[in-house]
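What follows is each chain in one-letter form.
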Amino acid sequence: MKPVRTRFAPSPTGFLHIGGARTALFSWAYARRHGGKFILRIEDTDVARSTPEAVQAILDGMAWLDLTHDEGPFYQMQRMDRYKEVIQQMLAAGTAYYCYTTKEELDALRAEQEAQKIKPRYDGRWRPEEGKPLPTPPAGVPPVVRFKNPKGGTVAWDDAVKGRIEFANEELDDLIIARADGTPTYNFCVCVDDWDMGITQVIRGDDHVNNTPRQINILKALGAEVPTYAHLSMILGDDGAKLSKRHGAVSVMQYEEDGFLPEAVINYLARLGWSHGDDEIFSRQQLVEWFDLDHITASAAQFNTEKLLWLNQHYMKQTPPAELAAKVKQRLAARGVDTSHGPDLEKAVALYVDRCNTLNVLADAVEVFYVHVTPHADLLAQHLSDEARPALADFAAGIADVAWEAPAINALIKETVTKHGLKMPKLAMPLRVILTGQAQTPSVDAVIALIGREGVLAALKNNL
Ligand code: GLU
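Residues numbered from 1 in each chain as written. Predicted model: local features only at pLDDT ≥ 70, side-chain atom pairs only at ≥ 80, totals over all residues. Heavy atoms only, no water.

Considerations on the sheet that holds strand E8 (residues 176-178)
Working step 1: With antiparallel pairing, the three strands of this open sheet are ordered in space as E4-E5-E8. One side of each edge strand has no neighbouring strand; the edge strands of this open sheet are strand E4 (96-99) and E8. Strand-to-strand twist of the sheet, defined as the mean angle between neighbouring strand axes without regard to direction, takes the value 45 degrees.
Working step 2: Bridge analysis of E4 against strand E5 (residues 144-147) gives four bridges, and the strand direction is antiparallel. Of the residues in E5, the one forming a bridge with Tyr98 is Val145. (Pairing = 2+ DSSP bridges. Helix = DSSP H or I, 4+ residues; strand = E, 2+ residues; numbered from the N terminus. Axes fitted to C-alpha atoms, helices over the stretch in contact; angles between N-to-C directions.)

Given below as structure tokens:
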């Protein structure tokens, strides 16, 4: 078998979106699975829409997901000489020809075909055929170059995802491969690149299915080996409609901003249209061991934000506390919250991670330990009853010299409520609100232990 070479070939006209990232991931995983090479190619020939910012956004997204390429990035705009060279070779070989049809003539042809209710297409008037006399090239009309598409028969391939796909050559007119100004056109550049880069598997979105028969015909005319094609079905949003900006975060880097871990996004994207039995959680390493084209589903995959959040929480829990703390620290610092004073951030995130599914939610949760908390008066009034005040005062006295660990603090809480004839929440709830400004927290003894004696005493003093 030939060494595997796959590529990701984004057009830099926007950020790296979820669909593009999945294409990149599948191409990357396939190359890694087979010990092959993964190539990054930037298809920037649409100069009006391509921007350096978009190139950077793609590189940033790939770097965040840690999808490293082995070769490239290659830029199509830097390969113009090569495309022009191949066009000359095709002209010489007779697989392409000059066409001098003017725009006016094409418009007239189209109008005529529409009147006859036939599909508008180039009629091949400049196409050389044996024994066919060609018109004399008109003066002053710069010609385009057209590909001499095979006449008759079919062009077919066994798509690794969609199965056999066949097009009649009749359906394909002679594609313009170079414009009148000499610039090569999109489908042609893709062919030359896939050929030059020795691509063995083309994994891409199924919006390219209609380009494939043209590309196969051109590759064959070049004497190139035709790669395997795997066309991925589109991704639908949570609501079943085609994934779009309406669905919120569709840029990969938006997920970074929203507090997702790249491991979670990778795991999630891998399952978006591909499966390995019933496995939902697997590492990047396992993905590389398991990935194949046979288990990509032909039907559209539906985005499921809940599942992504679930995976994200899983990976957050798997992250060593020191590492998790470092990530949360960064996010808090960006909000101007200094975590160098106050409780040990590592302990804080460990205490809260079970109830948080993004880094941002975790940062929100632990932020209260590093800023001055003023409980909302209504919330405090709701939870702090008059009967609880003396109990809280007693508790404050008690913690001045209790052993500073959750079990001892817990014992003191129990002792205090028993002494005052109260139910546990009567004391625990106002403590929560006073210490964190929130009515929902992990176990209150753990929160107290985390904050530290001085902090707890100060907060009680301020609020009683
Ligand atoms: N540049 C194309 C795109 O962004 C991909 C082309 C291909 O993979 O062949 O949709």
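Picking up where we left off.
Describing helix H1 (residues 18-33)
Working step 1: The end-to-end C-alpha distance of H1, which contains 16 residues, comes to 22 Å, matching closely the 22 Å that a straight helix rising 1.5 Å per residue would cover.
Working step 2: Across the 16 residues that make up H1, a large majority, 14, are buried. (Expected span 1.5 Å × (residues − 1). Buried < 20%, exposed > 50% of the residue type's maximum accessible area, 1.4 Å probe, protein only.)

Considerations on the site of the ligand
Working step 1: The local shell around the ligand consists of Arg7, Ala9, Pro10, Ser11, Glu43, Tyr186, Val190, Arg204 and His208.
Working step 2: In this structure, a nitrogen atom belonging to the ligand sits 2.7 Å away from a main-chain N or O atom of Ala9.
Working step 3: For the ligand, an oxygen atom lies 2.8 Å from a polar atom in the side chain of Arg204.
Working step 4: Counting atoms within 2 Å of the grid points, the majority share of the ligand lands in the largest pocket.
Working step 5: Taken together, the residues of the shell around the ligand sort by class into four nonpolar, two polar and three charged. (Near = heavy atom within 4 Å. Polar contact = N/O pair within 3.5 Å; in protein donor to acceptor, adjacent residues only side chain to side chain. 1 Å grid on protein atoms, 1.4 Å probe; cavity = no way out; pocket = protein on both sides within 12 Å on 5 of 7 lines; lining within 4 Å. Sits in = over half its atoms within 2 Å of the grid points. Nonpolar A, V, L, I, M, F, W, Y, C, P; charged D, E, K, R; others polar.)

Side note on the layout of surface pockets
Working step 1: Here the largest pocket is characterised by a volume of approximately 1000 Å³.
Working step 2: In terms of lining, the largest pocket is formed by 35 residues, of which the most central are His17, Gly19, Gly20, Thr23 and Asp207.
Working step 3: Mapped by element, the contributors of at least two residues to the lining of the largest pocket are strand E1 (5-8), H1, helix H5 (186-196) and strand E9 (201-205).
Working step 4: Top contributing element to the lining of the largest pocket by residue count: H1, with four residues.
Working step 5: Looking at side-chain class alone, the lining of the largest pocket contains 14 nonpolar, 11 polar and 10 charged residues.
Working step 6: For the second largest pocket, the calculated volume is near 360 Å³.
Working step 7: Lining the second largest pocket are 20 residues; nearest its centre among them are Val368, Val371, His372, Val373 and Gly455.
Working step 8: Those elements that place two or more of their residues in the lining of the second largest pocket are helix H17 (424-436) and helix H19 (453-463). (Points joined across faces, edges and corners; volume = space filled by probe spheres on them.)

Let's talk about the packing of aromatic side chains
Working step 1: The final tally for this structure, using the stated rule, is 12 aromatic pairs.
Working step 2: With a centroid separation of 6.1 Å and an interplanar angle of 5 degrees, the aromatic rings of Trp157 and Phe167 are classed as stacked. With Trp157 in strand E6 (residues 154-159) and Phe167 in strand E7 (residues 163-168), this residue pair connects regions lying 10 residues apart in the sequence.
Working step 3: Taking relative accessible area as the criterion, Trp157 reaches 5% and is therefore assigned buried.
Working step 4: Members of the aromatic cluster, joined through ring pairs, are Phe26, Trp274, Phe282, Trp290 and Phe291.
Working step 5: It is Arg146 that lies over the ring of Tyr122; its NZ or CZ is 3.5 Å from the centre. (Phe/Tyr/Trp six-rings, centres within 6.5 Å; stacked < 30°, edge-to-face > 60°. Lys NZ or Arg CZ within 6 Å of the ring centre and 35° of its normal.)

A short note on the packing of helix H8 (residues 262-270) against helix H10 (residues 305-318)
Working step 1: Their axes nearest at 8 Å, the elements H8 and H10 cross at an angle of 135 degrees. Considered as vectors, H8 and H10 are oriented oblique to each other. Both H8 and H10 take part in a crossing whose hand is right-handed. Contacts between H8 and H10 involve Glu263, Ala264, Val265, Asn267 and Tyr268 from the first element and Lys307, Leu308, Leu311, Asn312 and Tyr315 from the second.
Working step 2: Its residues assigned to classes, the contact of H8 with H10 comprises six nonpolar, two polar and two charged. (Parallel < 35°, antiparallel > 145°, perpendicular 65-115°, else oblique. Left-handed = near helix turned anticlockwise from the far one by under 90°. Contact = heavy atoms within 4.5 Å.)

Observations regarding the pairing of E1
Working step 1: Covered by surrounding structure in E1 are Arg5 and Arg7 together with Thr6 and Phe8, the residues of both alternating faces.
Working step 2: As judged from the four bridges shared by E1 and strand E2 (residues 37-42), these two strands associate in the parallel manner. Counted as the bridge partner of Arg7 is Ile39 from E2.
Working step 3: Crossover E1 to E2 through H1 is right-handed. (Right-handed = clockwise from strand over helix to strand, strands pointing away.)

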